[in-house]
Amino acid sequence: MRNGNLVPLHKEPVVIVGGGVAGLALARTLMDGAVPFVLIERRQMPADGGLALNLPGNAIQALAALGLREQIEAIGHPLRRREYRTARDKLLFEVDEDAFWGPALRPRSIRRSALVAALTEGVSRDLLRYDADVRSLEFHPTQPKVRLQDGTMLGASLIVGADGVRSTVRRELFGRRTGRGHALLADASWRFMAPNPGIDCWTVWAGADCMILLMPVADDEVYGWAAITTPNPISKSPCALLELRSEFPRRVRDTILHAVSRPDGLYHSPLEEVRLDHWHNQRVVLIGDAAHATAPVWAEGVALALEDAIVLGRTLSKASDIPAALVEFEARRRSRVAHVQAKTDAMSKAAKLPPFVRNMLLPFLGPKNYRQTYGPLKEPV
Ligand SMILES: Cc1cc2nc3c(=O)[nH]c(=O)nc-3n(C[C@H](O)[C@H](O)[C@H](O)COP(=O)(O)OP(=O)(O)OC[C@H]3O[C@@H](n4cnc5c(N)ncnc54)[C@H](O)[C@@H]3O)c2cc1C
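Each residue is numbered by its place in its chain's sequence as written, counting from 1. Local features in a predicted model are, by the rule used here, given only for residues with pLDDT of at least 70; side-chain atom pairs are given and counted only at 80 or more, and totals for whole chains, interfaces and linings are based on all residues.

Draft legend 1. Local environment of the pairing of strand β9 (residues 134-138). DSSP calls a pair of strands paired once it identifies at least 2 bridges connecting them. Only DSSP runs of H or I covering at least 4 residues are called helices, and only runs of E covering at least 2 are called strands; the numbering of each starts at the N terminus. As judged from the four bridges shared by β9 and strand β10 (residues 145-148), these two strands associate in the antiparallel manner. Residue pairing in the sheet places Leu137 in a bridge with Val146 of β10. What sits between the antiparallel neighbours β9 and β10 is a turn of six residues.

Dropping the structure here:
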């Protein structure tokens, strides 16, 4: 009997809803057994599709804290530089990421499936339940429950909503009306993999109506993200990219043509944001995208999800009272997340300027924004 309600702290397990980055990282943090848990994932398989992610230095730092430094160095492709270019290939500014982060925190690109596999490594398979979809919650001050698709009810000492941007746990906790709780920022954007047309660093090209990012994941393969950036595009079909790409350099045009001509490998990726005043209530808490999905301007989604999991795991492992632990967790995470959100807003605003103004300002604002965004994130959580 450790808490004020005279209920054993973990009479029931912590139920983690979602086996993506945040859920699996929390499972890793708790796998020493001090806090019992079970993870519920709606997918049938542990690994996600083949698309890739950019991991900035603080994501590398969090993965090292989760015991995965060697794995990430082995499977991640080093990203030593970033380049921001106009549609006509003029270099607006570049960042020497190697010099900024140093070799220990060198940013990397990684296939999402490889990251999920690395996070899963070492976590007992008995604690991971796949093909289980949480449909609703039953609230209770000491013993909340989740209801699965087959009607099964699972009791929990704590429910952790790590179920992504369209979180069921968030909807159950705060309802659908949550102010800026869940906003769609851009609908017309797609992700894909393609043969590497000779790109050796993270490179973005921004035109008047379209933005294209290419990032090597191997010497012979790039990950791409292409978005139509006009507020109300006439067409939201990926084929519209073919017309818009005419101003872009040859290697970018060829890559877009390759992607659009293989629709099975083209993933529609709407950009959605979540901004909430609270991330927890009683014995239910949100982490990762479920709590604070942020437009991927600074590629901080995975890093923040990993850091949330580390901080929540550590806080729970030494807690004598779960509601108090959640207050502490949220207090420790708020300012870092708010910093990323503010920097995302600033860069999104700059990206929406008329191209000629943007192209004049970015050489000065870009490197400064990079340093101001990532500088404070070098501090470990
Ligand atoms: C276009 C785009 C590009 C991006 N690029 C980057 C990048 O380069 N770098 C980066 O760091 N981030 C990037 N992100 C963001 C990043 O993908 C997310 O921030 C990250 O995946 C969040 O992890 P998560 O675990 O919170 O959510 P998710 O990875 O979405 O995981 C949620 C899990 O919960 C499961 N689930 C959902 N509902 C239920 C339910 N009811 N019951 C059971 N299981 C459920 C899902 O199946 C899923 O496995 C990008 C996002 C977008 C849209």
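Draft legend 2. Structural context of the sheet that holds strand β7 (residues 108-111). Reading across from one edge, β3-β7-β4 is the order of the three strands in this open sheet, with antiparallel pairing throughout. This sheet does not close on itself; its edge strands, each paired only once, are β3 (52-55) and β4 (77-78). Bridge count between β3 and β7: four bridges; the pairing is antiparallel. Across the sheet, Asn54 pairs through a bridge with Ser109, a residue of β7. We call two residues in contact whenever the C-beta atoms placed from their backbones are within 7 Å. Note on geometry: axes are C-alpha line fits, over the in-contact stretch for helices, and angles between N-to-C directions span 0 to 180 degrees. Strand contacts of helix α5 (residues 112-120): β3 and β7, with the helix running at about 85° to β7, the strand carrying the most contacts.

Draft legend 3. Main features of the site of the ligand. The local shell around the ligand holds 34 residues, among which Gly18, Gly20, Gly164, Gly288 and Gly301 are the closest. Where the shell around the ligand is concerned, the elements lending two or more residues are α1 (21-30), β3, β14 (189-195), α9 (289-292) and α10 (301-317). Among the elements that make up the shell around the ligand, the one with the highest residue count is α10 (four residues). Of the residues contributing to the shell around the ligand, the split by class is 15 nonpolar, eleven polar and eight charged. These domain boundaries are the output of an automatic or database domain assignment. Here the shell around the ligand gathers at least three residues from each of two domains, domain 1 (14-184 + 271-378) and domain 2 (188-268). Nearness is defined per residue: the C-beta atom, placed using the backbone, must lie within 6 Å of the molecule or strand. The residue classification treats Ala, Val, Leu, Ile, Met, Phe, Trp, Tyr, Cys and Pro as nonpolar and Asp, Glu, Lys and Arg as charged. All others, Gly included, are polar.

Draft legend 4. Up close: the packing of α1 against α5. The interhelical angle for the contact between α1 and α5, taken along N-to-C directions, is 20°, at an axis separation of 9 Å. The angle between α1 and α5 falls in the class roughly parallel. With respect to the hand of their crossing, α1 and α5 are arranged in left-handed fashion. Across the interface between the two elements, Val21, Leu24, Ala25 and Arg28 of α1 pack against Leu115, Val116, Leu119 and Thr120 of α5. Any angle between 65 and 115 degrees counts as roughly perpendicular, while under 35 counts as roughly parallel, over 145 as roughly antiparallel, and the rest as oblique. Here a crossing is called left-handed whenever its near helix is offset anticlockwise from the far helix by less than a right angle, and right-handed whenever the offset is clockwise.

Draft legend 5. Structural view of the nonpolar core. Formed by 97 residues in total, the largest nonpolar core has its most connected members in Ile16, Ala25, Leu26, Ile287 and Leu306. It is α10 that provides the largest number of residues to this core, a total of ten residues. Looking at this core, you find at least three residues from each of domain 1 (14-184 + 271-378) and domain 2 (188-268). Once you skip the residues sitting within four places of it in the chain, Ala25 turns out to touch Leu66, Leu119, Ala305, Leu306, Ala309 and Ile310. Only buried residues count toward a nonpolar core: Ala, Val, Leu, Ile, Met, Phe, Trp, Tyr and Cys, linked into one set through C-beta atoms within 7 Å. Think of it as a crowd count around each C-beta: if 20 or more other C-beta atoms lie within 10 Å the residue is buried, if 12 or fewer it is exposed, and in between it is partly exposed, with C-beta placed from the backbone throughout.

Draft legend 6. Region of interest: helix α11 (residues 322-351). Multiply 1.5 Å by the residue count of a helix minus one, and that product is the helix's expected span. For α11, spanning 30 residues, the distance from its first C-alpha to its last is 42 Å, which sits close to the expected 44 Å at 1.5 Å a residue. At Arg334, α11 shows its largest kink, close to 35°. Every buried residue belonging to α11 is among Ile322, Ala325, Leu326, Phe329, Glu330, Arg333, Arg336, Val340 and Lys343, and all of these are buried. Buried-residue contacts for α11 involve β12 (158-161), β20 (280-281), β21 (284-286), α10 and α12 (355-374). Note on bend: the value at a residue is the angle between axes fitted to the seven residues ending there and to the seven starting there.

Draft legend 7. Region of the structure containing the environment of Val260. Looking at the element boundaries, Val260 is found in helix α8 (residues 250-260). Judged by the 19 C-beta atoms lying within 10 Å of it, Val260 is partly exposed. For Val260, the contacting residues outside a window of four places in its chain are Pro238, Cys239, Leu241, Leu242 and Leu266.

Draft legend 8. Structural view of the sheet that holds β20. Pairing within the open sheet is mixed, and its six strands lie in the order β8-β2-β1-β12-β21-β20. Taken across any chain shown, the strands that pair with only one partner, and hence form the sheet edges, are β8 (128-129) and β20. For strand β1 (residues 14-17) and β12, the ladder comprises four bridges, and the chain directions are parallel. Looking at the pairing, Ile16 lines up with Val160 of β12. Relative to strand β2 (residues 37-40), α1 is tilted by about 165°, and along the sheet it contacts β1, β2 and β12.

Draft legend 9. Local environment of unusual backbone geometry. The phi dihedral of Asp89 falls on the positive side, at around 80°, and the residue is not glycine. By the C-beta count within 10 Å, which is 15 here, Asp89 ends up partly exposed. You will see that Ala299, though not glycine, has its phi angle at about 50°, which is positive.

Draft legend 10. Up close: the pairing of strand β5 (residues 81-86). The pairing of β5 with strand β6 (residues 91-96) spans five bridges and is antiparallel. In the strand pairing of β6, Arg85 is matched with Leu91. Hairpin connection from β5 to β6: four residues lie between these consecutive antiparallel strands, with Asp89 at a positive phi of about 80°. Examined bridge by bridge, β5 and strand β15 (residues 202-206) share five bridges and lie parallel to one another.

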